[in-house]
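Structure assessment
This is what each chain is made of:
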Amino acid sequence: MSTVKKSLTPFGQQLKHRTVVENDEFAAFARRIIRAHGRRVATGDVEALRDLTALSAVIDHAIGEAVIGLRAFGYSWAEIGQRLGITRQAAQQRWGGQP
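Quick caveat, the model's predicted, so the values are computed rather than measured. One numbering rule holds for all chains: residues counted from 1, following each sequence as written. With pLDDT at 70 or above as the cut-off, local features in this predicted model cover only qualifying residues; side-chain atom pairs require 80 or more to be listed or tallied, and sums for whole chains, interfaces and linings still use all residues. Values shown for side chains rest on all heavy atoms present in the structure; no hydrogens or waters enter the calculation.

A few words on the overall build of the chain. Only runs of H or I of at least four residues qualify as helices and only runs of E of at least two qualify as strands under DSSP, and these elements are numbered from the N terminus. From N to C terminus, the chain includes five helices and zero strands. In sequence order, the secondary structure elements of the chain are arranged as α-α-α-α-α. Exposure classes here rest on a 1.4 Å probe applied to the protein chains alone. A residue is buried below 20% of its type maximum, exposed above 50%, and partly exposed in between. Burial statistics for the chain: of 99 residues in total, 13% are counted as buried. Method for areas: the Shrake-Rupley scheme with a 1.4 Å probe, in which residue coverage is limited to the protein chains shown. Of the roughly 8100 Å² that the chain leaves accessible, carbon and sulfur atoms contribute 58%.

Only C-alpha atoms enter the line fits that serve as axes; for helices the fit covers just the stretch in contact. Angles between N-to-C directions range over 0 to 180 degrees. In contact at an axis separation of 9 Å, helix H2 (residues 23–42) and helix H3 (residues 49–73) are set at 155 degrees when each is read in the N-to-C sense. It follows that H2 is roughly antiparallel to H3 by the angle criterion. In this structure, H2 meets H3 at a crossing whose hand is left-handed. Of H3, the residues touching H2 (which contributes Ile34, His37, Gly38 and Val41) are Leu49, Asp51, Leu52, Leu55 and Ile59. When residue character is reported, Ala, Val, Leu, Ile, Met, Phe, Trp, Tyr, Cys and Pro are called nonpolar, Asp, Glu, Lys and Arg charged, and the others, Gly included, polar. Of the residues in the contact of H2 with H3, the class split is six nonpolar, two polar and one charged. For this classification, under 35 degrees means roughly parallel, over 145 means roughly antiparallel, 65 to 115 means roughly perpendicular, and everything else is oblique. In this scheme, a crossing is called left-handed if the near helix is turned counterclockwise away from the far one by less than a right angle; it is called right-handed if the turn is clockwise. Pairs of residues are marked as contacts when any of their non-hydrogen atoms sit within 4.5 Å.

To pair, rings of Phe, Tyr and Trp, with the six-membered ring standing in for Trp, must have centres within 6.5 Å; the planes then decide the type, stacked if under 30 degrees apart, edge-to-face if over 60, and tilted in the middle. The final tally for this structure, using the stated rule, is one aromatic pair. Pairing phenylalanine 73 with tyrosine 75 gives two aromatic rings, centres 6.4 Å apart and planes at 10 degrees, and the pair type is stacked.

What follows is the structure, encoded as structure tokens:
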């Protein structure tokens, strides 16, 4: 049994703090699509209103998956909460019970 903390090893640090260069552009693209969908609905497509509101549930699910992945990657509740502008306790209460 190893007593070395992964976050203290060079390999653990490399994984935890890897740089992903395209996330900002990808998030901006997703925001543009959602705003465009809202504008389409606003032009009279009442049938699409339900689809637009369903995106909220999809986004909540995606955030949960992201938090679970970050926790598995070694990020603490404090680090996750800080990025979200909430306390570590609030982050853990919201996503800590997810599988």
